[in-house]
Amino acid sequence: MIAIPKTLEDALRDRFVVPFVGAGVSMAALDRNGKRVFPGWGDLLLGAAARLREDGKRPEANVVEGLLEKRAPDYYEAARYAREGMGPGWYRYLRQVLDPPGHRIDTGSLSLARAVWQLPSRLVITTNYDQILRYALDDPNDLVQISVDATAELSAMLRDEIDRPTVWHLHGFIQQPQRLILTPDGYRALYPSQEDAVRYEAALQALRHLLAARTFLFVGFSLDDEMFGNQIAWVQEAFGGAAGPHYMLVKESELRDTQRRLKDLSCIEFLAFEEFGDPLVALVHALGSAGNREPSASPPLAAGAPRPTARLEVAAAPSPAPAGPLAFLADEVMLPPVTRVAHRGLLAEAAPAPPAAAATPRSFETTAGDGGMDMALVRQGYRLVYQYQRSVFDRLSELSDALAGIGLAFERWDPSLFSRHPKSTSEFFRRKYWAWDFLPAYRLQLVWQSSDSTSRSVVLEVVSDTGFTRSGSDEPDPTRFGGARAAGSELQINLMRSSVRNLPWNQIWSSLSGQEDTIYDGNDHEIDAGGRPCAYRYLRVDLGAALDKEAFSERVIAPVSAWLAR
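Please read these numbers as outputs of a predicted model, since none were measured by experiment.

Some thoughts on the overall build of the protein chain
Inference 1: Secondary structure assignment for the protein chain yields 18 helices and 13 strands.
Inference 2: Residue burial in the protein chain is summarised as follows: out of 566 residues, 47% are buried.
Inference 3: Counted over contacts in the protein chain with a minimum sequence separation of 6, partners at least 24 positions apart contribute 69%.
Inference 4: Roughly 27,200 Å² of accessible area belongs to the protein chain as shown, and the carbon and sulfur atoms make up 51% of that amount.

Pasting the structure below:
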């Protein structure tokens, strides 16, 4: 499995990646006889030449065929001559070839198009004219299609006001055949030279804006369209090389030729896949998983049922829970003894005096969203979260120091369930963003690695609340979580060790999602690291029992250091 560049992974999680779909995605679609449904450029125009010949227009057919037989076929001019020769029949021909009835398509051949919709973007841009992206949706009627001259829709797109699956057909789509950008005059109207008038000004500016501000992921797109490539070059020059990077998925056997052909577009980086078909689909799925908010973004935690308790888990005794709104914040099991004293003080400070005839306290469900919160409890909640996070971070500092002492360096951290904070120019308060994104320490993933004679890696997950649940792609609703008392707080620790140097730890980590759940039992296991030996051990430690400095050293630092030092 290919390692996903960290820059691309971050962009996927930040919802900054825009998939750009080319003809390769449509060419993957097959009919029920295993034949391609949609033609490539050459086949489309050769079919037009054949139609001209059938209509008795042999000279026009000869011109089209001659342009296609050149060493460097001139598709645009061939399309112009085909359109002029066929007259009104040109549009009927395009509808016949590019808009087949959906029942002709073998749904099993739509896996690549469906994988594109698994990427974390509601917007997909394409130069294709067909409806393959519509067929790939569970509900095709939910799709919004934007044409090249739809100025109001383009404006909404740039304001991130997209709440449904949306395809921007940069060159038009077959349901509007008269507006397709298929011939030289159409291309010049969208991608004008200095002497050409700009007809599609809004589309050109929207394209340049997205190229400068977002990360494009080219899927099934070869970038052999010179006019489109010129726009990437323009953005690259205008922004002094600061735009991008953009990424192109390229077949391994074509990688060198593609790099050589696009050597002047330094903002394009390449991800190679072995072959069209399943390997390409698997890569697109991996990219979608990397940007997904689901816990499956952390492979070992995605295997399904909760992990078996490891030998190191220590149960914490429950403590009495205060009643009233936001009572779930008062779980002292999460706090070390030194913090519990201050915690009780905060509870006493925030608790309102009970009335003479006390009514049943309002539950969190009736106060979280109706504007009737007790703000003293909110302030209390923030203070408790600070104390908890300060304690966790202090313990992580001690662990990092201990790991540094045996040769492991801190690599990176990520919020496991959420996205990183929105960009500084984003209206983060809009509903399309999650309030959860401003609580990244609610669930954290941290990585340490070494590259000495014994390769070692630690992936640690800080799980503040195992009661966290969600349904679908909407923001989780805490009123539907499992009870705070019944849930837990824990450290989930993945240890890897090998005698082979410079192992691709990111790939090994990703491959753990395919392992049996039995490896998460706290015992030693041998896992496959591309044919190289690698020892693995999973530990789960109750966080409430380990936040005290002495307990953390005994339950976490000592056993982790001892295992890695073997």
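Some words on the packing of aromatic side chains
Inference 1: By the definition in use, this model includes 17 aromatic pairs.
Inference 2: Taken together, a centroid distance of 5.3 Å and an interplanar angle of 50° make the contact between F20 and F218 tilted. Highlighted residues: F20 in strand 1 (residues 17–21) and F218 in strand 5 (residues 215–219), separated in sequence by 198 residues.
Inference 3: With a relative accessible area of 0%, F20 lands in the buried category.
Inference 4: Put simply, the rings of F20, F216, F218 and F221 pair up and form one aromatic cluster.
Inference 5: The ring of Y81 is capped by R80, whose NZ or CZ atom sits 4.7 Å from the centre of that ring.
Inference 6: Against the face of F16 rests R214, its NZ or CZ located 5.1 Å from the ring centre.

A closer look at the pattern of salt bridges
Inference 1: Counting across every chain of the model gives 21 salt bridges.
Inference 2: Across the pair E65 and R53 runs a salt bridge, and its minimum N-O distance is 2.7 Å. Of this pair, E65 sits in helix 4 (residues 58–68) while R53 sits in helix 3 (residues 41–54), and the two are twelve residues apart along the sequence.
Inference 3: As a salt-bridge pair, E275 and K251 come within 3.0 Å of each other at their nearest N and O atoms.

Observations concerning helix 6 (residues 89–98)
Inference 1: Restricting attention to buried positions, one finds in helix 6 the residues G89, W90, Y93, L94, V97 and L98. Mapping the buried residues of helix 6 onto a view down its axis gives an arc of 145°, with all of them on the same face. Away from its buried face by more than 90 degrees, helix 6 exposes R92 and Q96.
Inference 2: Buried-residue contacts for helix 6 involve helix 3 and helix 5 (75–86).

Overview of the nonpolar core
Inference 1: Core analysis: the largest hydrophobic core is formed by 39 residues, its most contacted members being L8, W117, L217, V219, L249, V284 and L287.
Inference 2: Within the residue set of this core, elements represented by two or more residues are helix 1 (6–13), strand 1, helix 7 (111–118), helix 8 (132–135), strand 5, strand 6 (246–251), strand 7 (268–273) and helix 14 (278–290).
Inference 3: Counting residues per element, this core draws most heavily on helix 14, at seven residues.
Inference 4: If sequence neighbours within four positions are ignored, L217 has contacts with V17, V18, P19, F20, L119, Y247, L249 and L287.
Inference 5: Counting 30 residues, the second-largest nonpolar core is a separate cluster that includes I125, I232, V250 and L265.

With respect to the sheet that holds strand 6
Inference 1: The sheet built from seven strands is open, its strands ordered 3-4-2-1-5-6-7 with parallel pairing. Each of the sheet's edge strands pairs with one partner strand only, and the pair in question is strand 3 (144–146) and strand 7. Taken over all neighbouring pairs, the strand axes of this sheet differ in orientation by 25° on average, direction set aside.
Inference 2: In the packing of helix 11 (residues 201–213) onto the sheet, the strands contacted are strand 2 (123–126), strand 4 (166–169), strand 5 and strand 6, and the crossing angle to strand 4 comes to about 120°.

About the thresholds
Counting starts from 1 at the beginning of each chain's written sequence and moves along it residue by residue. Totals for whole chains, interfaces and linings use every residue, but because this is a predicted model, local features are given only for residues with pLDDT of at least 70 and side-chain atom pairs only at 80 or more, for both listing and counting. With hydrogens and water set aside, each side-chain value is computed from the structure's full complement of heavy atoms. Secondary structure elements follow DSSP: runs of H or I of four or more residues count as helices, runs of E of two or more count as strands, with numbering from the N terminus. For each residue, the accessible area found with a 1.4 Å probe, counting protein chains only, is set against the maximum for its type, and the residue is called buried under 20%, exposed over 50%, and partly exposed in between. Any two residues whose heavy atoms approach within 4.5 Å are treated as being in contact. In short, Shrake-Rupley with a 1.4 Å probe defines the accessible areas, and a residue's cover is counted only from the protein chains shown. Only centres within 6.5 Å qualify two rings of Phe, Tyr or Trp (six-membered ring in Trp) as a pair; their planes then separate them into stacked at under 30 degrees, edge-to-face at over 60, and tilted for everything else. By definition here, charges over rings are those cases where NZ of Lys or CZ of Arg is within 6 Å of the ring centre and within 35 degrees of the ring normal. By convention in these notes, a salt bridge is any Lys or Arg side-chain nitrogen within 4 Å of a carboxyl oxygen on Asp or Glu. Directions from the helix axis toward the C-beta atoms define the arc. To form a nonpolar core, buried Ala, Val, Leu, Ile, Met, Phe, Trp, Tyr and Cys residues must be joined to one another through side-chain atoms within 4.5 Å. When DSSP finds two or more bridges between two strands, those strands count as paired. To define axes, lines are fitted to C-alpha atoms, for helices over the stretch in contact only, and angles between the resulting N-to-C directions are given on a 0 to 180 degree scale.

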